[in-house]
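Residue-level structural notes
Spelled out, the chains give:
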Amino acid sequence: MSSPELTNTIRTLIKQESLPDSYADTVKKTILPLAQHLYSLKQARKEPIIIGIHGAQGTGKSTLTLFLRELLTNHYRIPTASFSLDDLYLTRAEREQRASEIHPLFITRGVPGTHDLALGQNVIDQLKAAHQDTETAIPAFDKSRDDRYPKAQWPVFTGGADIILLEGWCVGAAPAGSEEELMEPVNELERSEDLEGLWRRNVNSCLKGEYGRFFSQFDSLIMLRAPSMECVLAWRTLQEQKLRDRSWVAPKEGVFYEGTENELRIMSHEEIARFIMHYERITRASLQEMPARADCVINVGEDHSFGEPLIRQRQ
């Protein structure tokens, strides 16, 4: 891709994502150097590489992933596939079953224990083994309706992927160090709805087990580091507003249109605050410990601006 073509691709993506023109500076300062790093990482490996992208809600990881995928595919000529851990959520019915059998809080999507990691592994394996004309269906989850899209509506990736990008809020997260650490509630949700710590112990057990094994296959872990938990709440509120604006109908706050074909689950501000409490323990822990072990850290400002990628080489 020539320089004019690269510039045109960046402008097209910025317009497509309704980003300010100034985002071109972010691409130049942060995303292009990161793409170059991933290109070099792939050149040093014979097999496809898997990149984990971690970031709390609202940090911009989906946008970063999109730009990386398009730049790696079109500028560096490396077939690159991407999907989100969010798209691996268990269906509503499956979470209802877990809520009934283990703990009521598992009805809410998000924490470890609410994803279908076997589905995610199957997608990764298919992408790595695919031939030129192989079609791999990439799972998709409809957050406005809190359920997975039918498989017929999943996007399709054609061919093999030399780089696989997997983004998500708890991607690469580590389990708590001790049972004692888990028993001290971090917010009102844990204090009032998980009094004996059953839910958070189960979540932590998932992190220790299948999630840890799933994350261990990453060839590199990128962290978008939010400035604070307070920013995460504000950003997540903004995300929900955008989701409401995109929906074909905007329900009144706190009203769910259930039992219809076009069921919507747009949350009010109070519901968002409670929703974030499900994520708070792991988010706070990751903000503290992950920067010391991530392969790349990108500091995110309160205004969503990205710093330069801080890259360390694995030994």
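Refer to the structure presented above.
These remarks concern the structure in this document. (Residues numbered from 1 in each chain as written. Predicted model: local features only at pLDDT ≥ 70, side-chain atom pairs only at ≥ 80, totals over all residues. Heavy atoms only, no water.)

Compared with an ideal rise of 1.5 Å per residue, which puts 14 residues at 20 Å, helix 3 (residues 61–74) spans 20 Å between its outermost C-alpha atoms and is within 8% of the ideal. Among all positions of helix 3, only Lys61, Thr63, Leu64, Thr65, Leu66, Phe67, Leu68, Leu71 and Leu72 are buried. (Helix = DSSP H or I, 4+ residues; strand = E, 2+ residues; numbered from the N terminus. Expected span 1.5 Å × (residues − 1). Buried < 20%, exposed > 50% of the residue type's maximum accessible area, 1.4 Å probe, protein only.)

The next point concerns the sheet that holds strand 1 (residues 49–55). Across the sheet, which stays open at both edges, the six strands sit in the order 2-7-1-8-9-10 with mixed pairing between neighbours. The open sheet has two edge strands with one neighbour each: strand 2 (80–84) and strand 10 (310–311). With four bridges joining them, strand 8 (residues 220–225) and strand 9 (residues 296–299) adopt parallel strand pairing. Looking across to strand 9, one finds that Met223 is bridged to Val297. Contacting strand 1, strand 2, strand 7 (163–168), strand 8 and strand 9, helix 3 crosses the sheet at an angle of about 170 degrees to strand 7. Across the sheet, helix 5 (residues 117–129) lies against strand 1, strand 2 and strand 7, angled at about 175 degrees from strand 2, the strand it touches most. (Pairing = 2+ DSSP bridges. Contact = heavy atoms within 4.5 Å. Axes fitted to C-alpha atoms, helices over the stretch in contact; angles between N-to-C directions.)

Moving on, we get to the packing of helix 1 (residues 3–16) against helix 2 (residues 23–43). It is at 10 Å that the axes of helix 1 and helix 2 come closest, and there the two elements cross at 115 degrees. Handedness of the crossing formed by helix 1 with helix 2: right-handed. Contacts between helix 1 and helix 2 involve Leu6, Ile10 and Ile14 from the former and Tyr23, Ala24, Val27 and Leu32 from the latter. Partitioning the contact of helix 1 with helix 2 into residue classes produces seven nonpolar, no polar and no charged. (Left-handed = near helix turned anticlockwise from the far one by under 90°. Nonpolar A, V, L, I, M, F, W, Y, C, P; charged D, E, K, R; others polar.)

Moving on to the pattern of salt bridges. Per the counting criterion, the structure on display carries 16 salt bridges. Of the charged contacts, one joins Asp219 and Arg45 as a salt bridge, the two residues approaching to 2.8 Å between their closest N and O atoms. Separated by 174 residues along the polypeptide, Asp219 in the loop between helix 8 (198–215) and strand 8 and Arg45 in the loop between helix 2 and strand 1 bring together distant segments of the chain. Taking relative accessible area as the criterion, Asp219 reaches 19% and is therefore assigned buried. The class for Arg45 is partly exposed, based on a relative accessible area of 33%. Residue Asp194 is joined to Arg200 by a salt bridge in which the shortest nitrogen-to-oxygen separation is 2.9 Å. Each member of the pair Asp194 and Arg200 is classed as buried. (Salt bridge = Lys/Arg side-chain N within 4 Å of Asp/Glu carboxyl O.)

Another point: the packing of aromatic side chains. Enumeration according to the criterion identifies eight aromatic pairs in this entry. Centre to centre, the rings of Phe275 and Tyr279 are 5.1 Å apart; their planes meet at 55 degrees, and the pair counts as tilted. Of this pair, Phe275 and Tyr279 both sit in helix 10 (residues 269–289), four residues apart, which is roughly one turn of the helix. Accessibility classification places Phe275 together with Tyr279 in one group, the buried group. Joined through ring pairs, the aromatic side chains of Tyr211, Phe214, Phe215 and Phe218 make up one cluster. Here Arg98 stacks its cationic end above the ring of Phe106, 4.8 Å away from the centre of that ring. (Phe/Tyr/Trp six-rings, centres within 6.5 Å; stacked < 30°, edge-to-face > 60°. Lys NZ or Arg CZ within 6 Å of the ring centre and 35° of its normal.)

Scanning the model with the defined rule gives two cavities of 30 Å³ or more in all. Looking at the largest cavity, the residues that line it are His54, Gly55, Ala56, Trp169, Met223, Leu224, Ala226, Thr283, Ser286 and Leu287. Only strand 1, strand 8 and helix 10 provide two or more residues apiece to the lining of the largest cavity. Per-element tally for the lining of the largest cavity: the top contributor is helix 10, with three residues. (1 Å grid on protein atoms, 1.4 Å probe; cavity = no way out; pocket = protein on both sides within 12 Å on 5 of 7 lines; lining within 4 Å. Points joined across faces, edges and corners; volume = space filled by probe spheres on them.)

The subject of this paragraph is the nonpolar core. In terms of nonpolar packing, the biggest core is built from 83 residues, with Ile51, Leu64 and Leu68 touching the most fellow members. In terms of residues, this core owes the most to one element, helix 2, which gives eight residues. Setting aside residues up to four positions removed in sequence, Leu68 forms contacts with Ile31, Leu34, Ala35, Leu38, Ile53 and Leu165. (Core = buried A, V, L, I, M, F, W, Y, C linked by side-chain atoms within 4.5 Å.)

Direction of pairing for strand 9 relative to strand 10: antiparallel, over a ladder of two bridges. Each bridged residue has a counterpart across the sheet, and for Val297 the counterpart in strand 10 is Leu310.

Another point: helix 8. Taking 1.5 Å as the rise per residue, helix 8 with 18 residues should run 26 Å; its terminal C-alpha atoms sit 24 Å apart, in good agreement. In helix 8, a bend of some 40 degrees at Leu207 exceeds every other bend along the element. Residues of helix 8 that are buried include every one of Trp199, Arg200, Val203, Asn204, Cys206, Leu207, Gly209, Tyr211, Phe214 and Phe215, and no others. (Bend = angle between axes of the 7 residues up to and from the residue.)

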